[in-house]
Structure formats: structure tokens, C-alpha cells
Amino acid sequence: MAANIAVIGTGYVGLTTGACLAHLGHDVVCADIDSQKIDRLNAGEIPILEDGLEDLVREGVQGGRLHFVLGAANSVTDREFVFLCVPTPQGEDGSADLSYIEGAARQISSSLISEAIVINKSTVPVGSTRVVEQALERPDVSVVSNPEFLREGSAVHDFLHPDRVVIGSDDQAAAIRVASIYLGLAAPLMVTDPASAETIKYASNAFLATKISYVNAIAAVCEAVGADVNDVVLGMGYDKRIGQEFLRPGPGWGGSCFPKDSHALVRIAEDAGYDFGLLKGVIEVNEQQFERVVQKVAASIDGSVDGKKIAAWGLTFKSRTDDIRDSPAIEIIHRLQAQGAVVTAYDPAIGADIKGITVCTDPYAACEAAEALVVLTEWDEFKWLDLDKVASAMVSPQVIDARNLLDRNRLRQHGFRYEGIGRS
Ligand code: UDX
């Protein structure tokens, strides 16, 4: 049955949620505080690179099931369900900053219809369902936790084909009403208390970060003992208890979620009296991984990058997104620059200089007169470039492949020195 839904916040979670809910047949109003963004969205233009999202937004707008309005209060007046999809940035002390959530709750409070359900999709510390209830001051309105598990770059696919839908509520009737929104999806649905739902989100992200730090640490061991991490991971992954997913070694994990959520979980545990040493170690291994890539680049050019020209392919935190928030690529480039390197970068999703980094419009130009090339994001197109053209642009053809992306045999045939992560 089609529901009347409001979505507060049109970031990648809110916009994906709104567009996908409209695609499922619901009537959706999305609200944001940025008037230009609202005008563009109503015209079917989307501000982020997200596979399939533009088509869904256009479909929803043209079908009259998806609307964009300015201001949270305006969006909720006749809505049965209100999704909060506002940011929860990392505060100074590592904990999540709830001011946007509380602000949104206060803004909509007096406009909500009786028996509306406010659904929190933002990633919030355990106990935040209560914080929203307190900010709303509306005992007639239920607040339900419904965490998102969307990966940037495949957010639409993840929304429409979820591994699970988690609903956290002490109010069974409200939980059932929220579950009805998702009836069009074939996914296990789990109803639990709000604290457990909130913890599922943090525990999942921190576990995935743990897998990656583990494999990056194993990569260091592989280098030390002369093993090949790609084969090691493949061999591990055939064990069904381990699986092949999320075991790709790389320059370290980043993005808008893992760093923020892993720090927040350390803090949540600490506040509750548990010292989460394991997760602190996971974060520490990630910091070391950035430095290990920097050292690999330095080692490839006589131990110092000072005054040396370095080419970098990749700036986004992963491929298929234009998001550079907490990107390991940017972190590594900044560390190289801090040691005196002159870096020129190329990324298919980034068209202009950013964060003090010179960005070229083609990958060969970035390699001009470079002494080393470091591959930092796993864009497919890097695999198919003309290696002779790359080699002739560089002073010395050598690649530090922090994503184990390129074909090392092919590179060596073209005269490159190659170094990957956890394999030589
Ligand atoms: C993540 C979660 O996957 C998603 O469920 C949650 O809702 C939001 O946070 P996202 O931030 O889009 O999604 O990125 P993800 O694809 O999970 O990658 C996170 C980081 O880990 C990236 O820097 C990526 O390059 C890195 N990564 C991922 C690896 O280094 N190796 C891997 O095997 C997988």
C-alpha cells in the first residue's frame, strides 16, 4: 500500500531513500535547506555521482510521486512517515554530533500530524531514539530506528536489494507500520529494540573496517615473509565462514562512514565503561597503512620524496563515486606533499584542483616528468591505459599500486618497476 512519506535531508542517504521509496510506489516529499539544490532536484538534476539515482529521481518527479521542498517543516504537514536523513558528523572528541538531528526534530515537531512516525536513518549513537523523542516533545508520535546500509556508488542497488531491513522500536504497532513501507522488497526484516538497531549499524561498519585492517596487516606480513596477499585472501575466502567480500588490501579505508563510525563506536563503548582496544587497533592499523604507502613511494625513489615529482591516479575514497570525504588518497597525497613532494593527480570524477592538489584532466598529463606513479583509487579505466604513453611521460617508469589493481606482468613487460600491497 502506498504511504505518504517525508524525507528530511537530500544527501546521498536521503536522496537515495526518497527516490527508491517513490520507485516502490510511495508518495514522497524530500526536504532540504538549500534552495538551489531543491530547484535542481525538481528539474530532475542530481548533485552527486550515484549509479542509477538520476533515472529514479526523474522517474519519481515525472510520475508525480517525488517532490522536493525547501525546509523540513513544510514537508511533513500531511505525512504518516518522516525519515530523518541528516548528517551526524564526527565531533571534536570523536563522538557523533547530533545537532542536525535534534535541530530537524525541533523544526518538524509542531507540524507533524498525530500518530506520525519519525524514522531515524542517520547513523546515531545508541540512545539517540530517545534524544529525538525528547527534541520532538510529541508523545503522540513514535520514533523508530531504521539504520541504512547503503554503499556509495551502489546505494540504489543496496536500497532495492538489501541484505536485511532493521527496525528498532519498543512500539510493535509502529514497527509493523514501518515494515509495511518495505513490503515491495525481498529481504529479511528484523524488528528489535532501538538500542540494538543502533548498535547493529555501528557494529556492522566497524566489523567491515576490521576486515580491511586485518587484510592490510596480513599484507604487511606477506611482504615480510615473501607471500602474495592476493593468493592468501583467495585461499582464506574459500572458507565459507570467512568469505571473499571486503578483503581487498588497499591504501586504508576511508569515506564518510567508516572513519566517523569506528571512532564513534570507540567513544560509545568508552562512555559505557568498555575499553574497545580491538577497534582502536583497527583504527591504528589504518593510520599505519597510509604511512606504509607513503614509505613505499619514498623507497621507490631513493628514500625521499623531497622535491620529487609524483603522479597520483585516484582521489576519491573509492571508485564509482565523486566523494573525497576522508579519502585515503587525499590523506596520502597530503603526507607526500608534507615531505616536499610535488604531486599531480588525475581522477575521472574530479575535474579541478582540490585541497591544495593539482588535478590534471587526463591521466597521462598527470604522469609528465614524474619519478613515480602511485595508484590510490581502483577506477577500472586505469587498467586499460596506454602503458607506453605513461612510460614515455615519466622520468622513470615505476608504479606503486596501492590497490593491487594493475596487471603487474603487463607493466613489467612495458619496462615498469612495480610494487603492490602485500605482493611484489
Ligand atoms: C560503508 C558501508 O559499506 C555501508 O554499508 C554503510 O552504510 C556506509 O559505509 P561506503 O562508505 O560507501 O559504505 O564504502 P565501502 O564500499 O564500504 O568502502 C569503505 C572503504 O573501505 C573505502 O575506502 C574502500 O576503498 C575500502 N575498502 C573496501 C577496502 O579497502 N577494501 C575492501 O575490501 C573494501
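Cut-off values and rules
- Residues numbered from 1 in each chain as written.
- Predicted model: local features only at pLDDT ≥ 70, side-chain atom pairs only at ≥ 80, totals over all residues.
- Heavy atoms only, no water.
- Helix = DSSP H or I, 4+ residues; strand = E, 2+ residues; numbered from the N terminus.
- Buried < 20%, exposed > 50% of the residue type's maximum accessible area, 1.4 Å probe, protein only.
- Polar contact = N/O pair within 3.5 Å; in protein donor to acceptor, adjacent residues only side chain to side chain.
- Contact = heavy atoms within 4.5 Å.
- Phe/Tyr/Trp six-rings, centres within 6.5 Å; stacked < 30°, edge-to-face > 60°.
- Lys NZ or Arg CZ within 6 Å of the ring centre and 35° of its normal.
- Near = heavy atom within 4 Å.
- Areas by Shrake-Rupley, 256 points an atom, 1.4 Å probe, with all protein chains shown as cover.
- Nonpolar A, V, L, I, M, F, W, Y, C, P; charged D, E, K, R; others polar.
- Core = buried A, V, L, I, M, F, W, Y, C linked by side-chain atoms within 4.5 Å.
- Salt bridge = Lys/Arg side-chain N within 4 Å of Asp/Glu carboxyl O.

A. Region of the structure containing the side chain of Ser327. Inspection of the secondary structure assignment puts Ser327 in the loop between β9 (309-313) and α13 (328-338). Taking relative accessible area as the criterion, Ser327 reaches 4% and is therefore assigned buried. There is a polar contact of 3.4 Å between the side chain of Ser327 and the backbone oxygen of Thr316. Other than its neighbours up to four places away in sequence, Ser327 contacts Leu315, Thr316 and Phe317.

B. Local environment of the packing of aromatic side chains. Using the criterion set out here, one finds 6 aromatic pairs in the structure. Between Phe246 and Phe258, the aromatic rings sit 6.2 Å apart at their centres with planes inclined by 55°, giving tilted as the arrangement. Of this pair, Phe246 sits in the loop between α10 (229-237) and α11 (258-271) while Phe258 sits in helix α11; the two residues are 12 residues apart in sequence, bridging distant segments of the chain. Owing to a relative accessible area of 13%, Phe258 belongs among the buried residues under this scheme. Ring pairs connect the aromatic residues Phe246, Trp253 and Phe258, which therefore count as one cluster. Above the ring of Tyr364, the side-chain terminus of Lys389 is found at 4.3 Å from the ring centroid.

C. Region of the structure containing the environment of Leu278. Considering the arrangement of structural elements, one finds Leu278 in helix α12 (residues 277-300). In sequence terms Leu278 and Arg292 are 14 residues apart; their C-alpha atoms lie 21 Å from each other.

D. Representation of the site of the ligand within the structure. In the vicinity of the ligand lie 18 residues, with Glu152, Arg248, Gly254, Lys318 and Arg403 positioned nearest. Between Glu152 and the ligand, the recorded distance is 2.6 Å, taken from a backbone N or O atom to an oxygen atom. Burial of the ligand by the protein amounts to 97% of the accessible area it has alone, namely 670 Å². The element that contributes the greatest number of residues to the shell around the ligand is helix α9 (residues 194-225), accounting for 3 residues. Partitioning the shell around the ligand into residue classes produces 9 nonpolar, 2 polar and 7 charged.

E. Expanded view of the nonpolar core. Among the nonpolar cores identified, the biggest contains 55 residues, and Ile5 and Phe83 are the most heavily contacted of them. One finds Val215, Ile324, Leu336 and Val343 within the second-largest nonpolar core, a separate group that totals 37 residues.

F. View of the pattern of salt bridges. Counted under the stated rule, the structure contains 31 salt bridges. With its nearest N and O atoms 2.9 Å apart, the salt bridge here joins Asp27 to Arg79. A residue pair is termed long-range when its members are at least 10 positions apart, and Asp27 in strand β2 (residues 27-32) and Arg79 in the loop between α4 (72-75) and β4 (81-84) qualify at 52 residues. On the basis of relative accessibility, which here comes to 6%, the residue Arg79 falls in the buried class. Among the ionic pairs, Asp78 bridges to Arg79, the shortest N-O distance being 2.9 Å.

Spatial relationships are all this shows, so hold off on functional conclusions.
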